[in-house]
Every structure is written in structure tokens, then in C-alpha cells.
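For reference, the chains in residue letters:
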Amino acid sequence: MDDYPWEPPLSGTETEALLGALDRLRWTFRYKADDLDETGLRARIGASTLTLGSLLKHLACCEDYMFTAKMTGEPIGAPWEALGWDGSESWGFTFAADDHTPEELYAFWDGAVARSRIRVAGVLANGGLDQPVHAGGGRANLRRLICDLIEEYGRHTGHADLLREAVDGLVGEDPPAGWRPKSGAGAWTNAAG
């Protein structure tokens, strides 16, 4: 078992470096959000409405939206359409994470990451990072989508740091050696990526 699967390659290709950077942020975010009950996932800081539960749901939606609608033009699909997906990029913050159990929130995120890895691998196999994607009318490429999701995770992993410290004092930049999620299925930890 690899004790540090979140570490990007020290000298990989551009694709390996970008996907490695994204995965490192995914692992770190999931570590910060892991193993919390309803109270922990709903905790807020000050006047902010952000919670770890809302971030789990938002980033899960971002994963699916980025690597369906923006990448291929396909509909976002399950579970979002059944939850009232309205097609807007801000929708992820306009719906309540409080409507879901911790198990559902972890399943949203775990499932979305696993689907994203499969979708991106399939598209990469057919043309690499330079190939045009649906977003921007075909003027954007896959590299841009991956960079956009890295930016999204960077922003929200910082939020997760603060929220988690307020919940139970957990601090630290990376998960400890050998860490694996305690909550949810964690199927994404075994997927290639």
C-alpha cells in the first residue's frame, strides 16, 4: 500500500503533473472533511454560511459539471438532475447540504471523483490535454478545465482547513502517512488518477 498516494510525481509528464496536483488537493480536501457527523458537517465560522457539508456537495457538483457539461456537452446526470439541477454554475451554493445525511454527502463527493477520473482518462486517451472541449464553444481545451478545477479545490481546501480546525482542532497540510477515509465508500481512493 502506498503511504502517500496524494503526492504528485516528482518528474512526470505535464498530464501527470496536472492530474497529480488535482489529486493532491482532492485527498487533502477529503481528509479535512472526513469522519464527521451531522453536527461537524454543519458547523460554521462567524457570519459565513459555508460548512464542510456544503463544500462536499459543491465540489462534487463541480466535478460532475466540469467533466460532463463543460468537457463534452453531455447533461450533468445523476444525482444532480434529481436534486433540481438548474444548469447554472452557481447552483452548487444555492441548495442546502443540510437536506442530506453525512453518508449522502460523502457518497456525492466520492462518486463524483470516481466518475471524473474515469471520464478524464477516457478523453485523455483520445487526444491529450490540447484537445478542444465543449466549454467556450470549443475554444477551451482539456488543460484549461483541469486547471479550473485545481483552482476551485485550492480555494475550498483553504476554507476546509479553517472549518475543520473550528470543529475539532484538526490541523495540518497533508493527510498523515497511510491515511484513508473513514467515512463513505472511499471508492475514489482505488481509482486510477
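Scroll up a little and you will see the structure.
All values derive from a computational prediction rather than experimental measurement.

Draft legend 1. The overall build of the protein, seen in detail. Broken down by element type, the protein carries 5 helices and 0 strands. Ordering the α and β elements of the protein from the N terminus gives α-α-α-α-α. Along the longest, intermediate and shortest principal axes, the C-alpha atoms of the protein span 45 × 40 × 25 Å. Buried residues in the protein amount to 47% of all 193 residues. In the protein, once contacts between residues fewer than 6 apart in sequence are set aside, the share between residues at least 24 apart is 74%. Only carbon and sulfur atoms are counted for the fraction: they give 52% of the accessible area of the protein, which is about 9,200 Å². Positive and negative side-chain charges in the protein, numbering 18 and 30 respectively, have mean positions lying 2 Å apart.

Draft legend 2. Focus on unusual backbone geometry. Ala78 connects to Pro79 through a cis peptide bond whose omega is 0°. Relative to the helices and strands, Pro79 is located in the loop between helix H3 (52–72) and helix H4 (102–125). Notably, Asp35 is not glycine yet its phi reads approximately 60°, a positive angle. For Asp35, the position within the fold is in the loop between helix H1 (14–33) and helix H2 (38–42).

Draft legend 3. Inspection of the pattern of salt bridges at higher detail. Summed over the entire model, instances satisfying the criterion amount to 17 salt bridges. Taking the shortest distance from any N to any O, the salt bridge between Asp161 and Lys32 comes out at 3.2 Å. One end of the pair, Asp161, is in helix H5 (residues 142–168); the other, Lys32, is in helix H1, and 129 residues separate them in sequence. Among the salt bridges present, the one from Arg143 reaches Asp130, with a minimum N-O distance of 2.7 Å. With a gap of 13 residues between them, Arg143 in helix H5 and Asp130 in the loop between H4 and H5 connect regions that are remote in the sequence. Taken together, the shared-partner salt bridges in this structure form one network comprising Asp23, Arg26, Glu63 and Arg117.

Draft legend 4. Focus on H3. With 21 residues, H3 should reach 30 Å at 1.5 Å per residue; the first-to-last C-alpha distance of 29 Å fits that figure. A bend of about 35° at Tyr65 is the largest found in H3. Counting buried positions along H3 yields 20 of 21 residues, so the element is predominantly enclosed.

Draft legend 5. Structural context of H1. Helix length check: H1, at 20 residues, gives a terminal C-alpha distance of 29 Å against a target of 28 Å (1.5 Å per residue), a fit within 8%. One or two positions beyond H1, positive phi appears at Asp35, with a value near 60°.

Draft legend 6. Examining the environment of Gly111 more closely. Within the secondary structure, Gly111 is located in helix H4. A relative accessible area of 18% means that Gly111 is categorised as buried. C-alpha of Gly111 to C-alpha of Glu63: the two residues are 48 residues apart in sequence and 9.7 Å apart in space.

What counts as what
Residue numbers restart at each chain and count upward from 1, following the sequence in its written direction. Since the coordinates come from a predicted model, pLDDT governs what is reported: local features require at least 70, and pairs of side-chain atoms require 80 or more to be given and counted, while whole-chain, interface and lining totals use all residues. Note that water and hydrogens are dropped before the side-chain values are worked out from all heavy atoms of the structure. Helix and strand definitions here come from DSSP, where helices need a minimum of 4 consecutive H or I residues and strands a minimum of 2 consecutive E residues; each element is numbered from the N-terminal end. Burial classification: accessible surface area is computed with a 1.4 Å probe over protein chains only, and a residue below 20% of its type maximum counts as buried, one above 50% as exposed, and the rest as partly exposed. Contact definition: two residues touch when any of their heavy atoms are within 4.5 Å. Computed with a 1.4 Å probe, the accessible areas rest on the Shrake-Rupley method; for each residue, only the protein chains presented here act as cover. Working convention for charge: Lys and Arg count positive, Asp and Glu count negative, and His plus the chain ends are omitted. Where a charge lies is defined by one atom per residue type, namely NZ (Lys), CZ (Arg), CG (Asp) and CD (Glu). Should a side-chain nitrogen of Lys or Arg be within 4 Å of a carboxyl oxygen of Asp or Glu, the pair is scored as a salt bridge. Given a helix with a known number of residues, its expected span is that number minus one, times 1.5 Å. The angle separating two fitted axes, one through the seven residues that finish at a residue and one through the seven that start at it, defines the bend at that residue.

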